[in-house]
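Geometric and topological summary
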Amino acid sequence: MGMGNGRRRQRRRLWLAQNKLCPWCGNPITVAEMVSPELTDRDHVVPKSHGGEGRLWNLQLLHRKCNMEKDDKCPGCNWCRPA
């Protein structure tokens, strides 16, 4: 199943807003990774399970492995931040 133009634009917008870096690990996200839903995920900064919304201001683009590590943690929340 292909990714629509709106999703592509959103991924690019997130990528550019993040200075082409993964907010979780700090490493670069390449163009190839940015366009690939198999290599990167649109992630909720405040997870939906913690009341986070699906709006652009609450989304970020993470490497797939970083998103798996982040799981439903909220960076900045002491009660769910990794030790």
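What you see is a predicted model; the values in this text were computed from it and never measured. (Residues numbered from 1 in each chain as written. Predicted model: local features only at pLDDT ≥ 70, side-chain atom pairs only at ≥ 80, totals over all residues. Heavy atoms only, no water.)

1. Quick look at the confidence of the model for the chain
Looking at the chain, the pLDDT average stands at 87 and 86% of residues meet or exceed 70. By mean pLDDT, helix α1 (residues 5–17) is the weakest element of the chain at 93, and helix α2 (residues 31–34) is the strongest at 97. (pLDDT = per-residue confidence, 0-100. Helix = DSSP H or I, 4+ residues; strand = E, 2+ residues; numbered from the N terminus.)

2. Quick word on the pattern of salt bridges
For the coordinates displayed, the defined rule picks out 3 salt bridges. Lys-70 is the partner of Asp-43 in a salt bridge, and the nearest nitrogen-oxygen pair spans 3.0 Å. You can see Asp-43 sitting in strand β1 (residues 40–44) and its partner Lys-70 sitting in helix α3 (residues 64–70), a full 27 residues away along the chain. Across the pair, Lys-70 and Asp-43 agree in class, each one buried. (Salt bridge = Lys/Arg side-chain N within 4 Å of Asp/Glu carboxyl O. Buried < 20%, exposed > 50% of the residue type's maximum accessible area, 1.4 Å probe, protein only.)

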